[in-house]
Amino acid sequence: MQAQILAPAAVLVVWSLIMLFWMAGVRLPALKKAGIDLGARPGGRGQDLEGAVEPRINWPAHNYSHLMEQPTVFYPTVVILAIMGAGAIDVTLAWVYVVLRIVHSIWQATVNKVPVRFLLFLVSSLALLTLAVRAAMATLFADPSALPV
């Protein structure tokens, strides 16, 4: 198995956790300032804060949610490539995807202008699509007789 292709996935996991703490670090003080008691109503969700706090407060939370969505396709894709034998282009594409997702996170959590955010998302999605196609090709066209017994 090739660790080089797994490194971008590990970095994206760490980044996702950084965004979790960023979200909490922004939201919790804002809730206190707004006088919102988290224990007042059972079953509350993050979406309940839309309109209850300034929109900018929710931007890191929106991004954290995004990091729990599309990257769920990225993780198994890089595992497939690690098992099947990733090439240098696969490793490069994985890093491109991760770097663009980190830039997307920072942009969405701070500036949040949609045209730039969409462009970052689009280009990262194209990198992921290419990785996914390469993973599919690696498995569909694998020669089982070449595998060790």
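This structure is a prediction, so every number in the text was calculated from the model and none was measured.

Which residues make up the side chain of T77, and what are the values?
On the secondary structure map, T77 appears in helix α3 (residues 71-84). Overall, the relative accessible area of 7% leaves T77 in the buried class. Ignoring sequence-local partners within four residues, the contact set of T77 consists of L128, L131, A132 and A135.

Requested: an account of a nonpolar patch on the surface, with residues and values cited.
Taken together, the side chains of V114, F118, L119, F121, L122, V123, L126, L129, V133, M137, L140 and F141 make up a nonpolar region of the molecular surface, amounting to roughly 1,200 Å² of accessible area. Turning to its location among the elements, M137 is positioned in helix α5 (residues 114-140).

Pulling in residues and values, what's your account of the nonpolar core?
Within the largest apolar cluster, 25 residues are counted, with the highest numbers of intra-cluster contacts made by I5, L12, F74 and Y97. Put simply, the parts of the chain that give this core at least two residues each are α1 (3-34), α2 (55-67), α3, α4 (88-110) and α5. For this core, the element with the highest residue contribution is α4, accounting for seven residues. The contact partners of Y97, leaving out residues within four places of it in the chain, are L12, Q70, P71, F74, S124, A127 and L128. Core analysis: the next-biggest nonpolar cluster, separate from the first, contains five residues, A30, L31, L49 and V53 among them.

Explain the packing of α1 against α3 to me, using residue names and the numbers behind them.
Two numbers describe how α1 lies on α3: the axes approach to 8 Å, and their chain directions differ by 155°. The pairing of α1 with α3 is recorded here as roughly antiparallel in orientation. Crossing of α1 against α3: the hand is left-handed. Together, I5, L6, P8, A9, L12, V13 and S16 of α1 and P71, F74, Y75, V78, V79, L81 and A82 of α3 make up the contact between the two elements. Of the residues assigned to the contact of α1 with α3, the class counts are 13 nonpolar, one polar and no charged.

Procedures and definitions
Residues numbered from 1 in each chain as written. Predicted model: local features only at pLDDT ≥ 70, side-chain atom pairs only at ≥ 80, totals over all residues. Heavy atoms only, no water. Helix = DSSP H or I, 4+ residues; strand = E, 2+ residues; numbered from the N terminus. Buried < 20%, exposed > 50% of the residue type's maximum accessible area, 1.4 Å probe, protein only. Contact = heavy atoms within 4.5 Å. Patch = residues over 30% accessible without salt bridge, like charges linked within 9 Å, V, L, I, M, F, W, Y side chains within 5 Å. Areas by Shrake-Rupley, 256 points an atom, 1.4 Å probe, with all protein chains shown as cover. Salt bridge = Lys/Arg side-chain N within 4 Å of Asp/Glu carboxyl O. Core = buried A, V, L, I, M, F, W, Y, C linked by side-chain atoms within 4.5 Å. Axes fitted to C-alpha atoms, helices over the stretch in contact; angles between N-to-C directions. Parallel < 35°, antiparallel > 145°, perpendicular 65-115°, else oblique. Left-handed = near helix turned anticlockwise from the far one by under 90°. Nonpolar A, V, L, I, M, F, W, Y, C, P; charged D, E, K, R; others polar.

Everything listed is a geometric property; what it means functionally is a separate question.
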